[in-house]
Amino acid sequence: MDKILLKKALPQWVKKLQTYRIYAPAKDEDIWTYEAVNTPEDIDLEFLITALSPKKIIFPQREVYFEFNKDDNDNPDIKETIPEDEPTIVFGVRPCDAKALTLTDLVFGGDFEDVYYWKRRNQTILVGLACNTPPSTNCFCLSVEGSPHSKEGLDILLTDLGDKYYVESLTKNGVKLLNLAKNLFTPPKAGDKKDLQKIHAESEKKIKKQIKNLKKVPPKLKGMWDSSFWDEEAMSCLRCGICTYMCPTCHCFDINDEVHSHTPLTGKRIRTWDTCQFPDFTMHSSGHNPRPDKASRLRQRIMHKFQYFVERYQNYQCTGCGRCITNCPVGIDIIEVLDKVRDYGP
Amino acid sequence: MDHNTYIPKLAKIIEIKEEVSGARAIKTFRTQFLEDNGFSHRSGQCAMLSVFGKGEAMISISSSPLEKDYLQFSILKMGRVTSALHETQVGDIIGIRGPYGNSFPIDKWKGKNLIFIGGGIGLAPLWSVLNTALGKKQDFGNLSLFYGARTSKDVVFKQELEELKNKMTVHLSIDVEEPDWKEYVGFVPLNILDKKPSPKNSITITCGPPIMIKFVIQNLQALGFKDEQIYTTVENKMKCGIGKCGRCNIGMHYVCKDGPVYSWAELKNLPQEY
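Residues numbered from 1 in each chain as written. Chains lettered and ligands numbered in written order. Predicted model: local features only at pLDDT ≥ 70, side-chain atom pairs only at ≥ 80, totals over all residues.

Asks: Lay out the overall build of chain A in plain terms, naming residues and giving numbers.
Replies: Of the regular secondary structure elements, chain A holds 12 helices and 12 strands. Based on the C-alpha atoms only, the size of chain A along its principal axes is roughly 65 × 65 × 40 Å. Every one of the 346 residues in chain A was classed for burial, and the buried ones make up 40%. Considering only residue pairs separated by 6 or more positions, chain A has 73% of its internal contacts joining residues 24 or more positions apart. (Helix = DSSP H or I, 4+ residues; strand = E, 2+ residues; numbered from the N terminus. Buried ≥ 20, exposed ≤ 12 C-beta atoms within 10 Å, placed from the backbone. Contact = placed C-beta atoms within 7 Å.)

Right, dumping it as structure tokens:
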């Protein structure tokens, strides 16, 4: 269902959605982040790429699995802490970040469904915004089977047509949100549709960064496990892990107990984001570490995204958002690494 | 709400046996769930054990699925959680979730000779499949065990091994000579070369330290065993147990979910990252 919404009517629409918890991009000093919206007038969709993707809303950096409580002679009491019912809307989701959630869906689904992830995922509606101009100089979505106007994973896609949005509702949930403020939406005119197509076509041309022939990378990686290539590429790595913490598709996590008191014993079992770039990630308690150096950890990051994930889930585990490039303190550029992999050897 | 695998089930420790003391202490724990929960495992699978306030550790289940009264774990004191487990007393409550991972394809081995090869605490994962095979002895050919430890004091399941000698061939070894030791002295891989088990209609199952496994496989190959006849288990650091937390992978395989049991024919084609 396609509609037109005047930009100035956006706050009125949002007001009709207030039974939901609403997130939207907000500027905090120099960075954009997704924050809860209190006043609809505050929603600003003229934003650049957010520091973190909306992954943090579905898969928060810290999740409590359960609380435990044990008095001296009693059995431990375990209280499962499933996220509360809280229907949620995220406004201003970039197409690359929506696609990233379709990839984390593959990980948290399957034969062991992760109830914490799915509780949040299933109650969250994603309202996307097409990227008329690349929100980051490091965008390369076209190279990883994405596009600046991709609808994948979204419930609604908005495209900025100047003083109005072209609104494409893509799912039942999307239609539901439009129906909550029917009078604000008008049918598109023939000219609107034309403008939309023109803007979408132009937006693709504005993306400057690309990886040519990425298809050649996964089979190439298969033969590069023992290569000294990784030592050279990882030489400048500081092991800070920001490439993975900022990544919308990275899903690795740790599980630990947090103790609040010892007698009686009370505490929580928590999941927190973790990263393959830290030595502890794979170190056995004996001290043995199958990935003992930064070369093996960079190799893991690249191979996970462009070989193992492809083999397991038939998708690249990358949506071309460019955050790992922008944020790397020493300028390790995944595009350059993949270019070199593609051209490596005979 | 769907089944939440992260929530451990409470279990009582009903028996603790000290196998090895000292710096590399090993204890065997028998546990019973407080409530029947349908937990049912296959030989080779692991379970995530919880000590509340300390965390979780993935431990292989050393009792056979044929044993219905308890779950058994033999645990080397090593990190935070295994050290806490060593502090527990009979009657204490721990958490157990699982079982996780694949298992030994014992149904495929019917009619074959089974040669179990263990080193150190590596006897624990073998113990489950060995006892399953013993419980269905008529289904298999000859059963035999090679087991080695650093010293006679490091031998686990001492009494059980003595009893086992009445039921199958047992080749014990220690690494360095001791006055009262009457059996083989030398590393497990060398004991294999010494006894020369026949590859004919045989399957070998080996668990132990990575360096032992490496040389056991080399020596089995020298004796004519094919890659498909050699099975082993892989161990990596694990947190979730269900292929999501991302740390135990070797290539595209998550050891917690797709492993820990591999034939050498499968394992040799994966990155040797364990």
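Okay, back to it.
Asks: Now, about the domain arrangement of chain A: what can you tell me, with residues and values included?
Replies: All names here are of chain A. If you check the domain split of chain A, you get domain 1 (2–59 + 83–205) and domain 2 (214–265 + 274–342). Counting from both sides, the interface comprises 22 residues of domain 1 and, opposite them, 17 residues of domain 2. Looking at which element gives the most residues to the side of domain 1 that touches domain 2, the answer is helix H3 (residues 95–108), with 8 residues. When the residues that make up the side of domain 1 that touches domain 2 are grouped by side-chain class, the tally is 12 nonpolar, 6 polar and 4 charged. (Domains from an automatic or database assignment. Nonpolar A, V, L, I, M, F, W, Y, C, P; charged D, E, K, R; others polar.)

Asks: Can you break down the packing of helix H4 (residues 188–195) of chain B against helix H5 (residues 210–222) of chain B residue by residue, with the values?
Replies: All names here are of chain B. Across the interface, H4 lies against H5 with an axial gap of 8 Å and an inter-helix angle of 20°. As summarised for this structure, H4 and H5 are arranged roughly parallel, according to the angle between their axes. Considering how the two elements wind past one another, H4 and H5 form a crossing that is right-handed. Taking contact as the criterion, the partners of Val188, Pro189, Ile192 and Leu193 in H4 are, on H5, Met212, Phe215, Val216, Asn219 and Leu220. Looking at the contact of H4 with H5 residue by residue, the class counts come to 8 nonpolar, 1 polar and no charged. (Axes fitted to C-alpha atoms, helices over the stretch in contact; angles between N-to-C directions. Parallel < 35°, antiparallel > 145°, perpendicular 65-115°, else oblique. Left-handed = near helix turned anticlockwise from the far one by under 90°.)

Asks: Hey, could you go over the sheet that holds strand S10 (residues 185–186) of chain A for me, with residue numbers and the actual values?
Replies: All names here are of chain A. In space, the 8 strands of this open sheet follow the order S3-S2-S6-S7-S8-S9-S1-S10, with mixed pairing throughout. With partners counted over all chains shown, the strands left at the sheet margins are strand S3 (31–36) and S10, one partner each. Where strand S1 (residues 2–6) and S10 come together, 2 bridges link them in antiparallel fashion. When the bridges of S10 are listed, leucine 5 appears paired with phenylalanine 185. Against the sheet, helix H5 (residues 172–179) makes contact with S1, strand S7 (124–129), strand S8 (156–160), strand S9 (164–169) and S10, and its axis sits at roughly 135° relative to S9, the strand it touches most. (Pairing = 2+ DSSP bridges.)

Asks: If you had to explain the environment of A:Phe68 to someone new, which residues and values would you point to?
Replies: Along the chain, A:Phe68 falls in strand S4 (residues 62–70). Look at A:Phe68 and you get buried, because 22 C-beta atoms sit within 10 Å. It is 34 Å that separates the C-alpha atoms of A:Phe68 and A:Cys243, two residues lying 175 residues apart in sequence. Not counting chain neighbours up to four residues away, the residues in contact with A:Phe68 comprise A:Pro76, A:Asp77, A:Ile78, A:Gly267, A:Arg269 and B:Phe52.

Asks: Talk me through the domain arrangement of chain B; I want residue IDs and the actual numbers.
Replies: Residues and elements named next belong to chain B. On domain assignment, one finds that chain B holds domain 1 (9–100) and domain 2 (106–233). For domain 1 and domain 2, the distance between their C-alpha centroids amounts to 24 Å. Counting residues at the interface gives 15 residues for domain 1, matched by 15 residues for domain 2. Listing elements by their share of the side of domain 1 that touches domain 2, those giving two or more residues are strand S1 (9–20) and strand S5 (71–76). Of the residues assigned to the side of domain 1 that touches domain 2, the class counts are 6 nonpolar, 7 polar and 2 charged.

Asks: Explain the sheet that holds strand S11 (residues 202–207) of chain B to me, and be specific about the residues and the numbers.
Replies: Where strands meet in a sheet, backbone hydrogen bonds hold them as pairs that are either parallel or antiparallel. Residue and element names in this part refer to chain B. An order of S10-S9-S8-S7-S11-S12-S15 is seen for the 7 strands of this open sheet, with the pairing classed as mixed. Every other strand in the sheet has two partners, leaving strand S10 (184–185) and strand S15 (261–263) as the edge strands with one partner each. By the bridge criterion, 2 bridges tie strand S9 (residues 169–174) to S10 in an arrangement that is parallel. Looking at the pairing, isoleucine 174 lines up with valine 185 of S10. In this fold helix H2 (residues 123–135) packs onto strand S7 (113–119), strand S8 (143–149), S11 and strand S12 (230–233), with an angle of close to 160° to the strand it touches most, S7. Contacts from H4 reach S7, S8, S9 and S10 within the one sheet, and its direction differs from that of S8 by about 140°.

Asks: Describe unusual backbone geometry, naming the residues involved and giving the relevant values.
Replies: The amide bond that connects B:Gly98 to the next residue, B:Pro99, takes the cis arrangement and shows omega of 0°. Along the polypeptide, B:Pro99 turns up in strand S6 (residues 93–100). Cis peptide bonds are those with omega within 30 degrees of zero, and the linkage from B:Gly259 to B:Pro260 qualifies with 5°. Inspection of the secondary structure assignment puts B:Pro260 in the loop between strand S14 (253–254) and S15. Its identity as a non-glycine residue notwithstanding, A:Arg239 has a phi of 60°, on the positive side. The exposure class of A:Arg239 is partly exposed, given the 13 C-beta atoms found within 10 Å. One non-glycine residue, B:Lys196, adopts positive backbone phi at about 45°. By secondary structure assignment, the location of B:Lys196 is in the loop between H4 and S11.

Asks: How would you explain helix H12 (residues 334–342) of chain A if you had to name every residue and give the values?
Replies: All names here are of chain A. Within the span of H12, buried status applies to Ile334, Val337, Leu338 and Val341. Across the axial projection of H12, the buried residues extend over an arc of 95°, all falling on one side. For H12, the elements touching its buried residues are helix H7 (217–222), helix H8 (229–234), helix H10 (294–313) and helix H11 (323–327). (Arc of directions from axis to C-beta.)

Asks: Give a detailed account of the environment of B:Pro65, specifying residues and quantitative values.
Replies: All names here are of chain B. Relative to the elements of secondary structure, proline 65 occurs in the loop between strand S4 (55–60) and S5. Each C-alpha atom of the pair proline 65 and serine 128 lies 7.5 Å from the other, and the pair is 63 residues apart in sequence. Once residues within four sequence positions are removed from consideration, proline 65 is found in contact with Ser40, His41, Arg42, Ser43 and Thr132.

Asks: Account for the pairing of S8(A), naming residues and giving values.
Replies: All names here are of chain A. Of all 5 residues making up S8, 4 are buried, and the element is well covered by its neighbours. As paired strands, S7 and S8 are joined by 3 bridges and run parallel to one another. Paired with valine 127 across the strands is isoleucine 156, a residue of S8. In this structure, S8 lies alongside S9, joined through 5 bridges in antiparallel fashion. Residue pairing for S9: leucine 158 is matched across the bridge by valine 167. Joining the antiparallel neighbours S8 and S9 is a turn of 3 residues, in which glycine 162 adopts a positive phi near 95°.

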